[in-house]
Amino acid sequence: MTASAPLPQMLCLGINYRTAPVAVRECFSVPKSKLADADRSLLTLPGMQECVLLSTCNRTELYYWSHTPAETTQALMRHFLTRGEAEAAFYSYHGREALLHLAEVAGGLDSMVIGETEIFGQLKDAYRNAAEAGSTASCANRAFQRVFSIAKKVRTLTKITSGPTSVGAAAVQLARDFLGGLTGSTVLVVGAGEVARTTAQSLKSRGAESIFVANRSYDKAVELASKVGGRVIRFADWVPYLEHIDIVIVSTASPAYVVSPKVLRPVQQTRGERPLFIIDLSVPRNADPACAEVPGVHVYDIDALRNRARDTAESRRGEIESARRMLLEWLEEVEFDLLVSHSEREECKR
């Protein structure tokens, strides 16, 4: 691409917790291990010049650049809708709005939990996967580097990250409400990824007495358990422990249910009237919603955290406004550089 050639236009197509429930979002979720392959596949669509795919528990978004945006977006919709009929749940942004949306996501302003810290790392991982897949070039590289810089500035110069700033922390607040406090409670964490880690750490800091960790990778379970003073259970052996558990936190990358009514019915028969709370933070979901039909079992998926997230957003209203002003000022400074080619800039000056 020469210096005088028009730049491809920046766009974003996505689905998130605001536009679709988890039952729909999970149809479009892409495991971290498959992001690079997905980027390479998307790059073959008509008109696609560059792309970065982001997939988290609350959103699946593609940031892409095309000289023929209408054609490329139509091809994208056909691609995504082969995996589930949810066209109305998708949103799209073009040019300036796409760049601003990317900055808001990186800064934690578009998260379910405002100021969320995980999303910044997830976005960096998504960009790194795309770069390794060869689906980024000058446009994506410049846009993401600039966005990472302003997102760090927003988090540093505002108090957007004060208070609970993770899905895990919101889940712990939910657990505290169930039990009237966590002191003396026994918790099983199934999974050992980033969300499981932050949840386990929040549980420990808020008084959970016993934390058990089960994960398919035993070494990762050992690592997490050591950080929170917990005990490790081999993944194949965690079901019998449910008899003594108050809360189960499930957060794995499994594409299928790992907790089912068949597993829980005999457990509940031995527990009597003692309730069992299951908080499923996985997307796709790992706890079958039908588990809630088992007497004494209460199941909450990630969408159940939205009420806690609304409280957090309300308490940070002033910081949200300050952060958005920063992003709008930044956008005025960088949009010509990131969205307009040299020749187009010269034409604007005439």
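You'll find the structure just up there.
This section reports on the structure supplied with the text.

Here is what the cut-offs are and how they apply
Residues numbered from 1 in each chain as written. Predicted model: local features only at pLDDT ≥ 70, side-chain atom pairs only at ≥ 80, totals over all residues. Heavy atoms only, no water. Core = buried A, V, L, I, M, F, W, Y, C linked by side-chain atoms within 4.5 Å. Buried < 20%, exposed > 50% of the residue type's maximum accessible area, 1.4 Å probe, protein only. Helix = DSSP H or I, 4+ residues; strand = E, 2+ residues; numbered from the N terminus. Pairing = 2+ DSSP bridges. Axes fitted to C-alpha atoms, helices over the stretch in contact; angles between N-to-C directions. Right-handed = clockwise from strand over helix to strand, strands pointing away. 1 Å grid on protein atoms, 1.4 Å probe; cavity = no way out; pocket = protein on both sides within 12 Å on 5 of 7 lines; lining within 4 Å. Points joined across faces, edges and corners; volume = space filled by probe spheres on them. Nonpolar A, V, L, I, M, F, W, Y, C, P; charged D, E, K, R; others polar. Salt bridge = Lys/Arg side-chain N within 4 Å of Asp/Glu carboxyl O.

**Comments concerning the nonpolar core**
No. 1: In this structure, Tyr63, Trp65, Leu99, Leu123, Phe144 and Trp330 are the most contacted members of the largest nonpolar core, which totals 40 residues.
No. 2: Contributions of two or more residues to this core are made by β1 (9–16), β2 (48–55), β3 (59–66), α4 (96–106), α5 (118–133), α6 (138–157) and α12 (317–339).
No. 3: Broken down by element, this core gets its largest block of residues, 9 residues, from α6.

**Section: the sheet that holds β1**
No. 1: Spatially, the 4 strands line up as an open sheet ordered β2-β3-β1-β4, and their pairing is antiparallel. Strands at the two margins of the open sheet, each flanked by one partner only, are β2 and β4 (91–94). In this sheet, adjacent strand axes meet at a mean angle of 15° when their direction is disregarded.
No. 2: Bridge count for β1 against β3 is 8 bridges, and the pairing is antiparallel.

**Structural notes on the pairing of strand β9 (residues 276–280)**
No. 1: Of all 5 residues in β9, 5 are buried; the element is thus mostly enclosed.
No. 2: In the classification by handedness, the crossover that spans strand β8 (residues 247–250), the intervening helix α10 (residues 261–271) and the parallel β9 is right-handed.
No. 3: One ladder, built from 5 bridges, connects β9 with strand β10 (residues 297–301); its direction is parallel. Paired with Leu276 across the bridge in β10 is Val297.

**What about the layout of surface pockets?**
No. 1: Empty space within the largest pocket amounts to approximately 1,300 Å³.
No. 2: Lining the largest pocket are 40 residues, and of these Lys32, Gly193, Glu194, Thr252 and Ala253 lie nearest its centre.
No. 3: Put simply, the parts of the chain that give the lining of the largest pocket at least two residues each are β2, α5, α8 (194–205) and α9 (218–228).
No. 4: Broken down by element, the residue count for the lining of the largest pocket peaks at 5 residues, all from α5.
No. 5: Partitioning the lining of the largest pocket into residue classes produces 16 nonpolar, 14 polar and 10 charged.

**Re the pattern of salt bridges**
No. 1: By the definition in use, this model includes 16 salt bridges.
No. 2: The salt bridge partner of Asp125 is Lys32, with a shortest N-O separation of 3.2 Å. Here Asp125 is found in helix α5, whereas its partner Lys32 is found in the loop between α1 (22–25) and α2 (35–42), with 93 residues between them in sequence.
No. 3: The partner of Glu335 in a salt bridge is Arg96, and the shortest N-O contact between them spans 3.2 Å. Highlighted residues: Glu335 in helix α12 and Arg96 in helix α4, separated in sequence by 239 residues.
No. 4: The buried category is assigned to Glu335, whose relative accessible area is 17%.
No. 5: Of the residues examined, Arg96 reaches a relative accessible area of 27% and is grouped as partly exposed.
No. 6: Each member of the salt-bridge network shares a partner with another, and the members are Arg18, Arg59, Glu61 and Asp110.

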